[in-house]
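Here's the letter readout for the chains.
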Amino acid sequence: MRAILKIALGIIAAIGGFLDIGDLVFTTQAGALFRYDLLWAVVLGVVGIAVYAEMSGRVAAVSGRPVFDVIRMRMGFGMGLAALIASTIVNVLTLAAELGGIAIVLELLFDAPYSMFVVAAAIALVGIVALLPFGGIERFFGYGGLLLLVVVATVFHQNPDWGEVGRGFIPSIDSSTLYLYFVVGVFAAALMPYEVHFYSSGAIEERWTEENLKENRLNAIVGYGVGGILAVGLVIVSGFLFHPLGVEPDNLGTVALPMQGAFGETGLLLALGGMLFCVGGAAIDSSFAASYNLAQFLGWEWGRYQGPRKAPRFTASWLVFLLLGIAIAQSGINPVDITEYSVVLAVVALPLTYLPVLLIAGDRSFMDRYANGRVASFLGWLYFAVIVVLALAAIPLLLATNAGGG
Amino acid sequence: MKAEGDIYVVHRLLDEQICDSEGKRVGRVDDIELSGDPPRITALLVGEGLYPRRLPRSLARLARRISGPEVWGKNALRIPWEEVDELTSTVKLRKKAEELGLGLGDDPDRWIVRRLPWN
Amino acid sequence: MSATGRKRVRSAALLTLLVALLIGGSGCGDLSNDELNRGVESLSALAAQGRLVANGVARDATKTTYARAMARTLSEQAEHEAEKLADATLEEPGTADQRHAAVAVAEEISGLLSTLQTFPGDERHGELVEKHLGEAGEKADAIVAQLSGDAP
C-alpha cells in the first residue's frame with residue numbers, strides 16, 4: 001500500500017513538473033496566433049516525451065546506464081562528444097531562460113529589479129538543492145506546479161466551443177511558415193531532452209531495477225500524459241482570450257492573463273505561483289542535466305547522493321553551469337527570446353541523443369527480455385522519423401519566421 | 001580467446017565506464033592496448049591525453065592543443081588487463097582506485113579540489 | 001587571363017554580390033508597406049493586451065505589482081514601436097500620412113500604459129485607460145484598413 005502511495009505521489013510530482021518556460025511561451029503564442037489549430041502538435045510532443053522517457057527509464061533500470069553512458073558507449077567518443085557539446089549548449093541556454101523566467105515571475109509578484117531576482121533565484125536554488133533530499137526537491141517543485149490546475153479550471157470557466165477545440169486535435173498542415181514553425185516549437189517544447197536526461201540519471205540515483213519498470217511506465221504515461229493536459233489547457237485559454245483580440249503574447253506575464261480574467265486576483269496568483277514552481281523545477285532539472293551529461297560522458301564520479309566530497313568535479317561543474325546561466329540571464333537578452341532559441345536548438349540536437357537510447361532499448365543483449373516490444377519499437381522508430389524531420393526543418397523555419405516574430 | 005571473440009569484446013569494451021573494487025567511478029576506457037600475435041588485450045588506457053587519438057584527423061590537432069601531449073602517469077594511465085575483475089555494464093577492477101593511480105580527478109586531496117569552499 | 005586571375009575576379013564578384021545582398025536585404029531601415037502594416041498591427045495587439053490589464057485594475061481583480069510591471073513592459077514596447085516607425089524611411093511615399101498617424105497612436109498607447117503603471121491600484125484610472133486604449137486600438141485598426149486599401 002505504501003509502495004502504491006509512493007508511486008502515486010511520484011506521478012503527481014511528474015504532472016506538476018511537466019511544464020517549463022518553453023511550454024509556457026510556445027503554447028500561449030500558439031493559441032494566440034492559431035487558436036486551437038495546434039492542439040494536435042502539443043499531443044504529438046507529449047506522447048513523444050512519454051516514449052523517450054519510458055525507454056530511457058527502462059534502459060537505466062535494466063542495464064544501469066543513464067543516457068550519456070548509452071551515448072558514449074553506442075556512438076563512440078567522436079559522435080558522443082558532438083552530442084555532448086550540442087546538449088550542453090542547449091542545457092545552459094535552457095537554464096538561463098528558466099532563471100530569467102523565475103526572475104520575471106518574481107518581478108510580477110514583488111517590487112524589485114529583475115537582476116536582483118536572477119541572483120536571488122540562483123542562491124535559493126543552491127540552498128534548496130543543498131538542504132532538501134533529492135526526491136524531496138522533485139516533489140517540492142512538482143506539487144507547486146500543480147497550482148497551474150487553475151488553467152484547467154479557466155478552460156471550463158471560459159466554456160469554449162468544444163467542437164472547435166476538438167477539431168484542433170486533428171492534425172492539419174497549414175502552408176504558412178509561421179504555422180510550421182509553431183508545430184516545431186510546440187512539439188520541441190514538450191519534448192525537451194534535458195527532462196529525459198535528468199529522469200534517467202534520477203533513476204540511477206534511486207537505484208532502480210527491473211522491479212521499478214511498472215513505476216517507470218506509469219511515470220512516463222500517466223505523469224507526462226496528464227501533465228500534457230496543462231499544456232493543452234494553456235493553448236485553449238490563450239486561444240479563447242487572445243486570438244479574437246489579436247493579442248501577441250511576447251511577455252511571460254501575459255500567460256497569466258486568462259486566469260486573471262476568469263478568477264480575478266486569486267486566479268492570477270495561482271497562475272503566477274504555478275509558473276514559478278514549474279520554471280524553478282525546470283531550472284534545477286536543466287542544470288543537473290548539464291552536469292550529469294558531462295560527468296557521465298567523461299567517466300567522472302557523479303550523483304546528487306554522492307555529495308560534493310565524493311563527486312567534486314560533478315558538483316563544481318554544476319556550479320559553473322549555474323554561473324553561466326546567471327550570466328546569460330543577466331546579459332539583458334529577454335528570457336522569452338532565449339527560450340525561442342533553446343527550444344529550437346534542442347530539437348535540432350535531439351536526434352543525436354534519442355537514437356542511441358532507441359537502439360539500446362531495442363537491443364536484447366543489453367535489455368534481455370525487457371527490450372522494446374512491437375508497440376514500443378513502432379512508436380520509438382515513428383518518433384525518430386518525426387524528430388529527424390522536425391530537426392531538419394527547425395532552423396530554416398526559425399530564420400524564415402524571425403523566431404516567430406513573423 | 002578467438003579473434004572474433006576479441007573484436008566483439010573490444011566493441012563492447014571501448015568507452016565503457018570503469019569502476020574500482022568499491023564501485024567508485026574512475027573514468028572510461030578511452031583506448032585499448034593490444035599486443036602480440038594473435039593480438040590480445042594487454043591493457044586498458046584511460047585519460048584526457050588520449051582523446052585526440054579518438055577524433056578524426058581534422059579535429060585531432062585542435063584537441064591535442066587543448067589536452068596537451070600524452071604524459072603517461074598524468075593524463076594517460078595504463079591499467080593492465082589482469083586488473084580487470086569482471087565486465088557487466090561497467091568494467092570492474094580488482095583493486096581500489098588509489099592502488100592503481102586512478103580517480104585522482106575526484107580525489108579530495110588534489111589541489112584543484114582543495115580550493116573548493118566545502119573542503 | 002590566368003587561372004589565379006580568374007579566381008580573383010570570381011571572388012571579387014561574389015564579395016560584391018554578398019555586400020549588395022546585405023545592403024539591399026537589410027533595407028537599411030526602409031519601411032515597406034508590409035512592415036508598416038506589421039508595425040501598426042502590433043500596436044493594435046499592444047492596445048488589446050493593455051486593455052486586459054486595465055480591465056483587471058478597473059475591476060480590482062488583479063495584483064498591483066503585476067499590473068504595474070505589465071503596464072511598464074507594454075508601454076516600453078509601444079514606445080519602441082513608435083521610435084521604429086518614426087526612424088524608418090518609407091519605401092512608398094504615399095503612406096506618409098499613415099506612418100504619421102501610426103506614430104501618434106503608438107505614443108498615445110505608450111502614454112496610457114504609463115498612466116496605468118503609475119496608478120496600478122486605482123479603479124477609476126483603470127476604467128479610463130481601458131476605454132481610451134480601446135479607442136486607440138480602433139485607430140490602429142483604421143490605419144491598417146487604409147494601408148490594405150492602398151495596397152494593390
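For clarity, every value in this text was computed on a predicted model and none was experimentally measured. (Residues numbered from 1 in each chain as written. Chains lettered and ligands numbered in written order. Predicted model: local features only at pLDDT ≥ 70, side-chain atom pairs only at ≥ 80, totals over all residues.)

Caption draft 1: How the structure looks around the overall build of chain C. Assigned secondary structure in chain C consists of five helices and two strands. In chain C, the succession of α and β elements from N to C terminus is α-β-α-α-β-α-α. Relative to its full complement of 152 residues, chain C shows a buried share of 41%. Of the contacts formed within chain C by residues at least 6 apart in sequence, a portion of 84% connects residues at least 24 apart. (Helix = DSSP H or I, 4+ residues; strand = E, 2+ residues; numbered from the N terminus. Buried ≥ 20, exposed ≤ 12 C-beta atoms within 10 Å, placed from the backbone. Contact = placed C-beta atoms within 7 Å.)

Caption draft 2: Representation of the overall build of chain B. Each helix and strand in chain B was counted, giving five helices and seven strands. Taken from the N to the C terminus, the helices and strands of chain B come in the order α-β-β-β-β-α-α-β-β-β-α-α. With 119 residues in all, chain B has 24% of them scored as buried.

Caption draft 3: Representation of the interface of chain C and chain A in the model. Facing 16 residues of chain C, the contacting portion of chain A comprises 20 residues. Mapped onto the side of chain C that touches chain A, the elements with two or more residues apiece are α2 (33-58) and α3 (64-87) of chain C. Among the elements that make up the side of chain C that touches chain A, the one with the highest residue count is α2(C) (eight residues). A breakdown of the residues in the side of chain C that touches chain A according to their chemical character gives seven nonpolar, seven polar and two charged. (Nonpolar A, V, L, I, M, F, W, Y, C, P; charged D, E, K, R; others polar.)

Caption draft 4: Examining helix α3 (residues 39-63) of chain A more closely. Residue and element names in this part refer to chain A. Spanning 25 residues, α3 covers 36 Å between terminal C-alpha atoms, matching the ideal 36 Å at 1.5 Å per step. Extensive coverage of α3 is indicated by the burial of 23 of its 25 residues. Positioned one or two residues after α3, Gly64 has a phi angle of 70°, which is positive. (Expected span 1.5 Å × (residues − 1).)

Caption draft 5: Structural context of the interface of chain A and chain B. Contact with chain A, which involves 18 residues of that partner, is made by 19 residues of chain B. Where the side of chain A that touches chain B is concerned, the elements lending two or more residues are α4 (67-109), α13 (307-310) and α14 (312-330) of chain A. The leading source of residues in the side of chain A that touches chain B is α4(A), at six residues.

Caption draft 6: Fine view of the sheet that holds strand β2 (residues 25-28) of chain B. Residues and elements named next belong to chain B. Strand order across the open sheet formed by four strands is β2-β1-β7-β6, with mixed pairing between neighbours. Sheet topology places β2 and β6 (84-87) at the edges, where each strand pairs with a single neighbour. Direction aside, the axes of adjacent strands within the sheet are offset by 25° on average. By the bridge criterion, two bridges tie strand β1 (residues 17-19) to strand β7 (residues 91-93) in an arrangement that is parallel. Bridge assignment links Cys19 to a residue of β7, and that residue is Lys92. (Pairing = 2+ DSSP bridges. Axes fitted to C-alpha atoms, helices over the stretch in contact; angles between N-to-C directions.)

Caption draft 7: Local environment of the pairing of β6(B). All names here are of chain B. In terms of strand pairing, β6 meets β7 through three bridges, oriented antiparallel. Paired with Glu86 across the bridge in β7 is Lys92. Connecting the antiparallel pair β6 and β7 is a turn made up of three residues.

Caption draft 8: Highlighting the pairing of strand β4 (residues 40-46) of chain B. Residue and element names in this part refer to chain B. Relative to β4, strand β3 (residues 31-35) runs antiparallel, the two being bridged by five bridges. Across the sheet, the residue bridging to Leu34 is Ile41, located in β4. The hairpin turn running from β3 into β4, its antiparallel successor, is four residues long, and Gly36 in that turn takes a positive phi close to 90°. Across four bridges, the pairing between β4 and strand β5 (residues 77-80) is antiparallel. Paired with Ala43 across the strands is Pro80, a residue of β5.

Caption draft 9: Seen up close, the nonpolar core. In this structure, Val42(A), Leu99(A), Val186(A) and Ile109(C) are the most contacted members of the largest nonpolar core, which totals 195 residues. Take this core: its biggest share by element is 24 residues, from helix α12 (residues 257-298) of chain A. For Leu99(A), the residues in contact, after removing those within four places along its chain, are Val118(A), Ala121(A), Ala122(A), Ala283(A), Gly325(A), Ile326(A) and Ala329(A). In this structure, Ile18(B), Val46(B), Leu93(B) and Ala97(B) belong to the second largest nonpolar core, which totals 14 residues. (Core = buried A, V, L, I, M, F, W, Y, C linked by C-beta atoms within 7 Å.)

Caption draft 10: Molecular detail of the sheet that holds β5(B). Residues and elements named next belong to chain B. The strand order β3-β4-β5 describes an open sheet built from three strands, whose pairing is antiparallel. In this open sheet, the two strands that pair with only one neighbour each are β3 and β5. On average, each strand axis in the sheet is inclined to that of its neighbour by 30°, with strand direction left out of account.

Caption draft 11: Fine view of the packing of helix α5 (residues 114-131) of chain A against α14(A). Residues and elements named next belong to chain A. For the pair α5 and α14, the least separation of the axes is 10 Å and the interaxial angle reads 165°. Classified by the angle between their axes, α5 and α14 sit roughly antiparallel to one another. Viewed along their axes, α5 and α14 form a crossing whose handedness is right-handed. Along its contact with α5, which presents Ser115, Val118, Val119 and Ala122, the element α14 presents Leu322, Ile326, Ala329 and Gln330. Partitioned by chemical class, the residues of the contact of α5 with α14 number six nonpolar, two polar and no charged. (Parallel < 35°, antiparallel > 145°, perpendicular 65-115°, else oblique. Left-handed = near helix turned anticlockwise from the far one by under 90°.)

Caption draft 12: Main features of the packing of α4(A) against helix α15 (residues 335-361) of chain A. Residue and element names in this part refer to chain A. The N-to-C vectors of α4 and α15 enclose an angle of 155°; their axes lie 8 Å apart at closest approach. Between α4 and α15, the angle is such that the two are roughly antiparallel. When you trace α4 past α15, the crossing you get is left-handed. In terms of residue class, the contact of α4 with α15 is made up of 24 nonpolar, seven polar and one charged.

Caption draft 13: Region of the structure containing unusual backbone geometry. In the segment running from Asp37(B) into Pro38(B), the intervening peptide bond is cis, with an omega of 5°. Its place among the elements puts Pro38(B) in the loop between β3 and β4. Within the chain, Asn159(A) stands out as a residue other than glycine whose phi angle is a positive 50°. Mapped onto the secondary structure, Asn159(A) falls in the loop between α7 (149-158) and α8 (162-168).

Caption draft 14: Quick look at the environment of Ala189(A). All names here are of chain A. Looking at where Ala189 falls in the secondary structure, it is placed in helix α9 (residues 177-190). The class of Ala189 is buried, set by 30 C-beta atoms lying within 10 Å. Considered as a pair, Ala189 and Leu322 are 133 residues apart in the sequence and their alpha carbons are 21 Å apart. Beyond its immediate sequence surroundings of up to four residues, Ala189 is in contact with Gly22, Asp23, Phe26, Gly45 and Val343.

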